[in-house]
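Residues per chain are reported as follows:
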Amino acid sequence: NIDNLQSTLQVRGIAVSEVGLAFARRFESVGDADIGITLKAQRIRTYDYSISAQDTKIDLKLGEKQESAANIDIGFARSYGENFKSGVVIKNLVKKEFTTMLGNKIELKPQARLGMSYHRSWVNLGVDVDLTKNKPVAEGFDKETRFAAIGAELDLIGTLQLRIGYRHDLTGNYEGMPSVGLGFSPFGLHIDVAVAGNSKEAAAGAQLGFNF
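Predicted, not measured: the structure shown is a model, and the values here were computed from it. (Residues numbered from 1 in each chain as written. Predicted model: local features only at pLDDT ≥ 70, side-chain atom pairs only at ≥ 80, totals over all residues. Heavy atoms only, no water.)

## Things to note about the packing of aromatic side chains
Aromatic rings considered in pairs are described by the distance between their centres and by the relative angle of their planes.
Turning to step 1, where the next piece is worked out: For the coordinates displayed, the defined rule picks out one aromatic pair.
Turning to step 2, where the next piece is worked out: When the ring of Phe-84 is compared with that of Tyr-118, the centres are 5.1 Å apart and the planes differ by 55°; the resulting orientation is tilted. With Phe-84 in strand S4 (residues 84–91) and Tyr-118 in strand S7 (residues 111–119), this residue pair connects regions lying 34 residues apart in the sequence.
Turning to step 3, where the next piece is worked out: Note on Phe-84: relative accessible area 46%, which makes it partly exposed.
Turning to step 4, where the next piece is worked out: Stacked on the ring of Phe-147, the Lys or Arg Arg-167 has its end atom at 3.8 Å from the ring centre. (Phe/Tyr/Trp six-rings, centres within 6.5 Å; stacked < 30°, edge-to-face > 60°. Helix = DSSP H or I, 4+ residues; strand = E, 2+ residues; numbered from the N terminus. Buried < 20%, exposed > 50% of the residue type's maximum accessible area, 1.4 Å probe, protein only. Lys NZ or Arg CZ within 6 Å of the ring centre and 35° of its normal.)

## Considering the pairing of strand S10 (residues 160–169)
Turning to step 1, where the next piece is worked out: Pairing geometry for strand S9 (residues 147–156) and S10, over 10 bridges, is antiparallel. Counted as the bridge partner of Ala-149 is Arg-167 from S10.
Turning to step 2, where the next piece is worked out: Between S9 and S10, which follow one another and run antiparallel, lie three residues, and Ile-157 among them has a positive phi close to 50°.
Turning to step 3, where the next piece is worked out: In this sheet, strand S11 (residues 177–184) lies alongside S10 in antiparallel orientation, the contact comprising eight bridges. Among the inter-strand pairings, Gly-165 is bridged to a residue of S11, identified as Ser-179. (Pairing = 2+ DSSP bridges.)

## Overview of a nonpolar patch on the surface
Turning to step 1, where the next piece is worked out: Together, Leu-21, Phe-23, Ile-37, Leu-39, Ile-74, Leu-93 and Val-94 make up an exposed nonpolar region whose accessible area comes to about 560 Å².
Turning to step 2, where the next piece is worked out: Within the residue set of the nonpolar patch, elements represented by two or more residues are strand S1 (8–27) and strand S2 (33–52). (Patch = residues over 30% accessible without salt bridge, like charges linked within 9 Å, V, L, I, M, F, W, Y side chains within 5 Å. Areas by Shrake-Rupley, 256 points an atom, 1.4 Å probe, with all protein chains shown as cover. Salt bridge = Lys/Arg side-chain N within 4 Å of Asp/Glu carboxyl O.)

## Section: unusual backbone geometry
Turning to step 1, where the next piece is worked out: At Asn-92, a position not held by glycine, the phi torsion is positive, near 50°.
Turning to step 2, where the next piece is worked out: Topologically, Asn-92 is positioned in the loop between S4 and strand S5 (96–99).
Turning to step 3, where the next piece is worked out: One non-glycine residue, Phe-187, lies in positive phi territory at about 55°.
Turning to step 4, where the next piece is worked out: Structurally, Phe-187 can be placed in the loop between S11 and strand S12 (189–197).
Turning to step 5, where the next piece is worked out: The class of Phe-187 is exposed, set by a relative accessible area of 87%.

## What about the pairing of S11?
Turning to step 1, where the next piece is worked out: Relative to S12, S11 runs antiparallel, the two sharing six bridges. By the bridge assignment, Leu-182 is partnered in S12 with Val-193.
Turning to step 2, where the next piece is worked out: Once S11 ends, the chain turns through four residues before running back antiparallel as S12, passing Phe-187 with a positive phi of about 55°.

## Observations regarding the environment of Tyr-47
Turning to step 1, where the next piece is worked out: Counting through the fold element by element, Tyr-47 comes out in strand S2.
Turning to step 2, where the next piece is worked out: Judged by relative accessible area, Tyr-47 falls into the buried class, the value being 13%.
Turning to step 3, where the next piece is worked out: Separated by 59 residues in the primary sequence, Tyr-47 and Ile-106 have C-alpha atoms spaced 9.8 Å apart.
Turning to step 4, where the next piece is worked out: With sequence-adjacent residues up to four places away left out, Tyr-47 is seen in contact with Val-11, Arg-12, Gly-13, Ile-14, Ala-15, Leu-60, Gly-63 and Glu-64.
Turning to step 5, where the next piece is worked out: Within the local environment of Tyr-47, its side chain forms a polar contact with the side chain of Glu-64, the two groups lying 3.0 Å apart. (Contact = heavy atoms within 4.5 Å. Polar contact = N/O pair within 3.5 Å; in protein donor to acceptor, adjacent residues only side chain to side chain.)

## Here we look at the pattern of salt bridges
Turning to step 1, where the next piece is worked out: Under the counting rule described, the total for this entry stands at 15 salt bridges.
Turning to step 2, where the next piece is worked out: We note a salt bridge from Lys-40 to Asp-73, for which the minimum N-O separation is 3.0 Å. Here Lys-40, found in strand S2, pairs with Asp-73, found in strand S3 (residues 64–80); they are 33 residues apart in sequence, far enough to count as distant. With respect to class, Lys-40 is no different from Asp-73; both count as buried.
Turning to step 3, where the next piece is worked out: One salt bridge connects Asp-192 with Arg-163, and the closest N-O pair in it is separated by 2.7 Å. With a gap of 29 residues between them, Asp-192 in strand S12 and Arg-163 in strand S10 connect regions that are remote in the sequence.
Turning to step 4, where the next piece is worked out: Residue classification places Arg-163 among the partly exposed residues on the basis of a relative accessible area of 25%.
Turning to step 5, where the next piece is worked out: One connected set of salt bridges, linked through shared partners, spans Glu-18, Lys-40 and Asp-73.

What follows is the structure in structure tokens.
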């Protein structure tokens, strides 16, 4: 403890949980294009509070506020011959703004991303890049990003997929992040797990899907 310490700790952020239903269809009349849409229900938790630096206990519940929202993702992809494809996706098409417990504004803005891929029966190669810079949801607490990524997938015996990738921040605010993933897809069932990380951050994900 330090007598008369005036410093404070400020905490501000957002956590988003989503449940979505995705639909996609191929349209031969517009150049053999695939168009997809995902309807999402979102649960939003905003966090915003300030405490004395003397207080070493940080409890997010002090400044938590919960809200519900709905949003849409859309995507467009087109094939070029048998092996090449390009596409663009826009996430959170409708801009949303949320007010925290302390009256500050946190925004979820649309994010657009462009990708290209090369694929054969046993290998997929892909590269994608953010079309716009993504500003942090809490201004002043984080830095903007614009990511570019490259990845490869090897399909082993038709049901097992091995993936490797690398992500680079074009703004130079964050260090690169390698990733590895494993997929299992028997009889229309798809199970995917992946991990990524560097010296300052880490991520993990899992996905379950069906083809019918």
